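Architecture at a glance
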Amino acid sequence: MFYVYYGNSSATDGANSTDVWDSHYKGVWHLNETGTDTRKDSTSNGNNGIASGGVAGTGGKIGGANSFDGSDDYIDLGSNEKASPLAIQDKGTWSVWFYNREDKHASILAQRYDKPYHGRGVGIGSTSIVRFWTRDSDTNWEEVNTQYNLNQWYYIVGIQNGNIIKLYLNGQYVDSLDMGSNLSSRYYSYYTIGKYTDDDYYFNGLIDEVRISDTARSPAWIKASYNSENDTLLTYGAMESVR
C-alpha cells in the first residue's frame, strides 16, 4: 500500500530515472520524443536511437508514442559490437506496445546479426498474425505466433531462454517452442524499431515503450508489467483529510 501526501512546494524531487531499472534491463525507450530528436534510452546504458524517414510523435499507450508510415520510417538503435549491452545471445526478453494499421509483413522490433536475414524480433506476419521469431540463415528460422486485430493496442513479449522461445500477448501466455539444435547461437546486437533489413518490412502504425532485458522474465513479471503499463495494477482509495 502506498500513501501519497502533497502540497509542499519545497519538497525535493526524489525521482531517479535510470536506477529504477534493474541491471538486466539493457535498453528502455519511452518514445516520447518527436521529429528527428534522439530517442533516449532511459537506462544508464545510453543506447540512444536515431529516427529516420518521417517518424512522428503522437499520443501513445503510455504518454507519447512514435508513428511510423510503413514506407521509410524507422529508428536505428545502433551498435554492432559484441561488447554492447544489447548484444544478447541466447537469453533475453523483448517487449513493446504496438498499434498496427496495415495487415502486411512488418517488423516492430528487430535484432540482427552480421547478415541481412540473421536475427530475431517481434513483428507482423501475414493474415493478422503477430509473432516472435529467430533465424540463423536465409532459410532456417523458428517462430511462435498468434492472431490479433488491426487498430488496437497490444502488449507483446518475446522470450528466449536457451533453445526455448515463448510468446505473450497482453500479459497472457500464448505459446512456446523448443527449437532443439535447429538454430545456432549468435551475438545479435544491431537493433531497429519499425523495420527489419535495410529497405524492407516497414511497420505502419504506432510503437510505444520498447524494453530489452538480458534475462528471461517470469510469467508473473510479464503480467505485472502489462497491468502496470495498462494502468490496471493498482486501485486508488479516496483522498483523506489531514489529521
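Relevant structure appears above.
Small disclaimer: the values here were computed from a predicted structure and weren't measured. What you see as residue numbers is a count from 1 along each chain, following the sequence as written. Residue-level local features of this predicted model are given only where pLDDT is at least 70; pairs of side-chain atoms are given and counted only at 80 or more, and the full residue set underlies all totals for whole chains, interfaces and linings. In computing side-chain values, all of the structure's heavy atoms are included and hydrogens and water are not.

Here's the deal with the nonpolar core
Put simply, a nonpolar core is a bunch of buried Ala, Val, Leu, Ile, Met, Phe, Trp, Tyr and Cys residues held in one set by side-chain atoms that sit within 4.5 Å of each other. Only protein chains enter the accessibility calculation, which uses a 1.4 Å probe. A residue is then buried if its area is under 20% of the maximum for its type, exposed if over 50%, and partly exposed in between. Grouped together as the largest cluster of nonpolar side chains are 33 residues, with contacts concentrated most on Phe98 and Ile207. Throughout, a contact is declared for two residues whenever any of their heavy atoms are within 4.5 Å. Beyond its immediate stretch of four places on either side in the chain, Ile207 contacts Leu31, Ala65, Asn66, Phe68, Val96, Trp97, Ile108, Ile193 and Gly194. Among the nonpolar cores identified, the runner-up in size contains seven residues, and Val157, Ile159, Ile222 and Tyr226 belong to it.

Focus on the layout of surface pockets
The computed volume of the second largest pocket comes to approximately 250 Å³. At the level of elements, strand E7 (106-112), strand E8 (119-124), strand E9 (129-135) and strand E10 (141-147) are the ones that each hand at least two residues to the lining of the second largest pocket. Each residue receives one of three labels: charged for Asp, Glu, Lys and Arg, nonpolar for Ala, Val, Leu, Ile, Met, Phe, Trp, Tyr, Cys and Pro, and polar for the others, Gly being one of them. Here the residues of the lining of the second largest pocket are counted per class, giving seven nonpolar, three polar and three charged. Whether a set of points on the 1 Å grid over the protein atoms alone is a cavity depends on a 1.4 Å probe fitting there but being unable to get out, while an open set qualifies as a pocket with protein on both sides within 12 Å along at least five of seven lines; lining residues are those with an atom within 4 Å of a point. Grid points are joined across faces, edges and corners, and a volume is the space filled by probe spheres set on the points. Helix and strand definitions follow DSSP, with helices as H or I runs of at least four residues and strands as E runs of at least two, each counted in order from the N terminus.

Thoughts on the side chain of Arg112
Here Arg112 is to be found in strand E7. Pairs of N or O atoms are called polar contacts if they sit within 3.5 Å, as long as, within protein, a hydrogen donor faces a hydrogen acceptor (for residues adjacent in sequence, only side-chain-to-side-chain pairs). A polar atom in the side chain of Arg112 sits 3.1 Å from the backbone oxygen of Tyr196.

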